[in-house]
Amino acid sequence: MTADSNPDTPAAGSPEPPVQANAGPVKLWKLPGLVAIGLYMLLLAGVVVVSVVQGRVGALFLVFPPLFIAGGFGLMMLLRWAWALTLAAVALLAGWFFWACVSQHVASFLLQGLLNLVCFLYLVRTEVRTKLR
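Per chain, the residues get numbers from 1 upward, laid out in the order the sequence is written. In keeping with the model being predicted, local features are shown solely for residues with a pLDDT of at least 70 and side-chain atom pairs are shown and tallied solely at 80 or more, while totals for entire chains, interfaces and linings include all residues. Think of the side-chain values as coming from all heavy atoms in the structure, minus any hydrogens and water.

Caption draft 1: Main features of the side chain of N116. Residue position: N116 is located in helix α4 (residues 107–123). By definition, residues are in contact when any of their heavy atoms lie within 4.5 Å. Discounting residues that sit within four places of it in the chain, N116 has contacts with Y40, V90, L93, A94 and F97. A run of H or I in DSSP counts as a helix once it spans at least four residues, and a run of E counts as a strand once it spans at least two, with each numbered from the N terminus.

This is the structure:
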């Protein structure tokens, strides 16, 4: 008899079932970069709040810390909307820091831009995107 006794295998002419990206629960410790980027977003929120309190930037900048906090905590909960929010934040920050480095000739802006670029490149990896809910 040539018939397969396993009912889970598809027949020769039938298409295979689609592969689910989130087949099982994903452990956060398997993606340590997401934890680091989430904590980085929380640190950025604190830096912006301190800068506003010290008077170095205007009060309008207080729009960003809630977004940074939501993105940081949401990213640690593996939520796709938080991934998109964090991805946009690090991409915009990388561009802003590179522009500030060129216009003001401050080397620390170059390092901050490179850090945000590394975060961006980690977030766009296929392994990271497939594990988000």
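Caption draft 2: Here's a closer look at helix α1 (residues 32–54). In this scheme, a helix's expected span is set at 1.5 Å multiplied by one less than its residue total. Its 23 residues give α1 an end-to-end C-alpha distance of 33 Å, which sits within 8% of 33 Å, the value for a rise of 1.5 Å per residue. Listed in full, the buried residues belonging to α1 are G33, L34, I37, G38, Y40, M41, L44, A45, V48, S51 and V52. Where α1 is buried, its residues contact α2 (64–76), α3 (80–104), α4 and α5 (126–130). Positioned one or two residues after α1, G55 has a phi angle of 85°, which is positive. When a residue's accessible area, from a 1.4 Å probe over protein chains only, is under 20% of the maximum for its type it is buried; when over 50% it is exposed; and in between it is partly exposed.

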